[in-house]
Amino acid sequence: MMNIHLRKDLTQLSKLFDLIKSQSLDYLRHIDQRPTSSQSKVVGHMEMPDEGIGAEATLALFNERFEKLIVGSSGPRYWGYVTGGTTPAAIMGDWLTSVYDQNPQTLSGVGDVSGAIEAETIKLLLDLLNLPHDFIGGFVTGATMSNFTCLAVARQWWGKLRGKDLAKEGISETIPILSASPHSSVVKTLALLGIGSQNIIMVAQQEHTESISVQDLEDKIGALNGSPFILLSSGGTVNRVDYDDYTAIKSLHQKHRFWWHIDAAFGGFAAVSKKYRHLVADWEYADSITVDCHKWLNVPYESAVCFIKKSHRMCQVESFQNSDAPYLGDPLAQFNYLNLLPENSRRLKALPAWFTLMAYGRQGYAAIVDQCAALAVYFGQQLKDSDRFELLAPVTLNNLIFSLKDQNKDPALFLLHLNQTNQVFMTPTIYQGRQSIRASFVNWRTTRDDVDLVMRVMQGVC
């Protein structure tokens, strides 16, 4: 017998959806007034109800206990963690994703068309990023899982060169990993894959940058005496948004055996802008690329893609195939995301991306990237003109790092007080051994007025 509350909710879906619509619109219309952080704590915890209280009463309970503590992390002055906002079209796609509740897998038309929607969205992204269609792409939860997917295939590739199937046999040798400034998610990935987070051979950084020194990279390659390796390359480092020299790496890739992976979680979107696309020149020659959609694409969280060259499809299937599952079909007979990505069960994450790409197009996203970069330059100039703050590095794209001119003052304490104003949120970082502050511009809503407001607040706190 159907639960009484469930039966009632089924009959009043329209009322429930109207309540959620009204609350959602109120949040989005006033998001610029929403606190950017919260110091309040949730008091106590609820016990598991026996019969439940129904959807409407649960919404009221949520509003009473949690709603006022929800911060405006998708708003115009949330400048921490390279967190994007959510475009109206992306929200539409995300709501429909929940309503339709599809599990995108095959392209064969068996079951539903969600796999075809994902494949089409990948092609749209390749076009947006000016990448060739010789990549297999798929949606995962974020940059961490994208890096995981790419490097799992790289691990299999390395093993096959040594006559081993590491997906089946496991790792018994140390895989050489070269990098100059790997993101923490990449380091975590190496631990998850059994490669080892401490097994990175660190390459020197180019002087005054966070990008790889090509000369030292060549020296490190020479020291490997022809052994194949994996190169972890940066497509926008976390502080300075520096890019490795892809043209030089392309030349090395033609001479030596290595898997070239680019972590371009947010920096890859430089490709959308005519002004900044030179930063990713020749990145299409990489074996795999990570791009995070819930950053600069401005779609809801849990959306990233992995791009892996089609020439490595066999290694990809060997890494992720569902073996001994005849009801899932032959992993080599047809294109099936079940055999190409880590998760068997996934939401249709591609739909919010499809909606926003179709809604705003290449020109819309070029405008977002250029606007964010211009705001970063504008904020950087204000910092340089200030007698209280110091810009610590040139503004390359959309991130900047700064600190207090008075080095007797604690920047961490300043940042704590700044974030407690609830007008802006930024994050701490360390640059060249110095405690610093990082601001990131990736939100489509942010304007010069927001930057001016933040500067006034900063001067009041300092």
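Up top is the structure these notes are about.
Attention here is on the structure that accompanies the text. Note that the structure is predicted; figures quoted are calculated from it, not measured.

For the rest of this paragraph, the subject is the sheet that holds strand β8 (residues 389-391). With antiparallel pairing, four strands are arranged side by side in an open sheet as β8-β9-β11-β10. Of all strands in the sheet, those bounded by a partner on one side alone are β8 and β10 (427-431). Taking the axes of each pair of neighbouring strands and ignoring which way they run, one obtains an average angle of 45 degrees across the sheet. When strand β9 (residues 399-404) meets strand β11 (residues 434-440), the two strands line up antiparallel, connected through four bridges.

Residue pairs spaced three or four apart in an α-helix point in one direction, given the helix's 3.6 residues per turn. Helix length check: helix α5 (residues 114-128), at 15 residues, gives a terminal C-alpha distance of 21 Å against a target of 21 Å (1.5 Å per residue), a fit within 8%. Of all the positions in α5, only Ser 114, Gly 115, Glu 118, Ala 119, Thr 121, Ile 122, Leu 125, Leu 126 and Leu 128 are classed as buried. Lining the buried residues of α5 we find β1 (135-140), β7 (304-309) and α12 (350-385).

Another aspect to go through is the layout of surface pockets. Approximately 880 Å³ is the volume found for the largest pocket. The wall of the largest pocket is formed by 26 residues, among which Ser 24, Tyr 27, Ile 91, Asp 94 and Trp 95 lie closest to the centre. The element that contributes the greatest number of residues to the lining of the largest pocket is helix α2 (residues 13-29), accounting for seven residues. Here the lining of the largest pocket is built from residues that sort into twelve nonpolar, ten polar and four charged. At the level of secondary structure, the elements contributing two or more residues to the lining of the second largest pocket comprise α6 (143-161), α8 (184-192), β4 (229-234), β5 (258-263) and β10. Taken together, the residues of the lining of the second largest pocket sort by class into twelve nonpolar, 21 polar and six charged.

Residues Met 2, Leu 6, Leu 10, Leu 13, Phe 17, Val 99 and Tyr 100 make up a contiguous nonpolar surface patch of about 730 Å² in total accessible area. Within the secondary structure layout, Tyr 100 lies in helix α4 (residues 88-100).

Moving on, we get to the pairing of β1. The buried count for β1 comes to six of six residues, which makes it a mostly enclosed element. Along β1, one buried face is formed by Phe 135, Gly 137 and Phe 139 and the opposite face, lined by Ile 136, Gly 138 and Val 140, is buried too. Across six bridges, β1 lies against β7 in antiparallel orientation. Note on β7: the bridge partner recorded for Gly 137 is Phe 307.

At their nearest, the axes of α2 and helix α3 (residues 55-65) sit 10 Å apart, and the two run at 20 degrees to each other. Regarding the angle of α2 to α3, the classification is roughly parallel. Relative to α3, the crossing made by α2 is left-handed. Along the contact surface, α2 presents Lys 15, Leu 16, Leu 19, Ile 20 and Gln 23, while α3 presents Ala 55, Glu 56, Leu 59, Phe 62 and Asn 63. Tallied by class, residues from the contact of α2 with α3 come to six nonpolar, two polar and two charged.

A word on the pattern of salt bridges. Counted according to the given criterion, the structure contains 13 salt bridges. For Arg 347, the salt bridge goes to Asp 94, with nearest N and O atoms at 3.6 Å. Of the two residues, Arg 347 is situated in the loop between α11 (313-320) and α12 and Asp 94 in helix α4; the sequence distance between them amounts to 253 residues. Under the relative-accessibility criterion, Arg 347 is labelled partly exposed at 34%. One salt bridge in this structure joins Asp 292 and Lys 295, with 2.5 Å as the shortest N-O distance. Lys 295 shares its class with Asp 292; the two are buried.

Here we take up the pairing of β11. Counting buried positions along β11 yields six of seven residues, so the element is predominantly enclosed. Following β10, the chain reverses through two residues before pairing antiparallel with β11; Gln 432 in that reversal takes a positive phi of roughly 50 degrees.

All right, on to the packing of aromatic side chains then. This structure, assessed with the given rule, holds 15 aromatic pairs. Summarising the aromatic geometry, the rings of Tyr 78 and Phe 425 are spaced 4.8 Å apart at their centres and angled 15 degrees between planes, so their arrangement reads as stacked. Of the two residues, Tyr 78 is situated in the loop between α3 and α4 and Phe 425 in the loop between α13 (411-420) and β10; the sequence distance between them amounts to 347 residues. Since its relative accessible area comes to 11%, Tyr 78 is described here as buried. What makes Phe 425 buried here is its relative accessible area of 12%. An angle of 80 degrees between the planes, with centres 5.9 Å apart, marks the rings of Phe 379 and Phe 402 as edge-to-face. On the criterion of sequence distance, the pair formed by Phe 379 in helix α12 and Phe 402 in strand β9 is long-range, its members being 23 residues apart. Residue classification places Phe 402 among the buried positions, given a relative accessible area of 0%.

Time to look at helix α9 (residues 214-223). Within α9, the full set of buried residues consists of Val 214, Asp 216, Leu 217 and Ile 221. Relative to the axis of α9, the buried residues are bounded by an arc of 160 degrees and lie together on one face. In this structure, the buried side of α9 is in contact with β2 (177-179), β3 (200-202), β4 and α10 (246-255). Following α9 by one or two positions, Asn 225 adopts a phi angle in the positive range, close to 55 degrees.

What counts, and at which threshold
Residues numbered from 1 in each chain as written. Predicted model: local features only at pLDDT ≥ 70, side-chain atom pairs only at ≥ 80, totals over all residues. Heavy atoms only, no water. Pairing = 2+ DSSP bridges. Helix = DSSP H or I, 4+ residues; strand = E, 2+ residues; numbered from the N terminus. Axes fitted to C-alpha atoms, helices over the stretch in contact; angles between N-to-C directions. Expected span 1.5 Å × (residues − 1). Buried < 20%, exposed > 50% of the residue type's maximum accessible area, 1.4 Å probe, protein only. Contact = heavy atoms within 4.5 Å. 1 Å grid on protein atoms, 1.4 Å probe; cavity = no way out; pocket = protein on both sides within 12 Å on 5 of 7 lines; lining within 4 Å. Points joined across faces, edges and corners; volume = space filled by probe spheres on them. Nonpolar A, V, L, I, M, F, W, Y, C, P; charged D, E, K, R; others polar. Patch = residues over 30% accessible without salt bridge, like charges linked within 9 Å, V, L, I, M, F, W, Y side chains within 5 Å. Areas by Shrake-Rupley, 256 points an atom, 1.4 Å probe, with all protein chains shown as cover. Salt bridge = Lys/Arg side-chain N within 4 Å of Asp/Glu carboxyl O. Parallel < 35°, antiparallel > 145°, perpendicular 65-115°, else oblique. Left-handed = near helix turned anticlockwise from the far one by under 90°. Phe/Tyr/Trp six-rings, centres within 6.5 Å; stacked < 30°, edge-to-face > 60°. Arc of directions from axis to C-beta.

Functional significance is not addressed by these values, which are geometric in nature.
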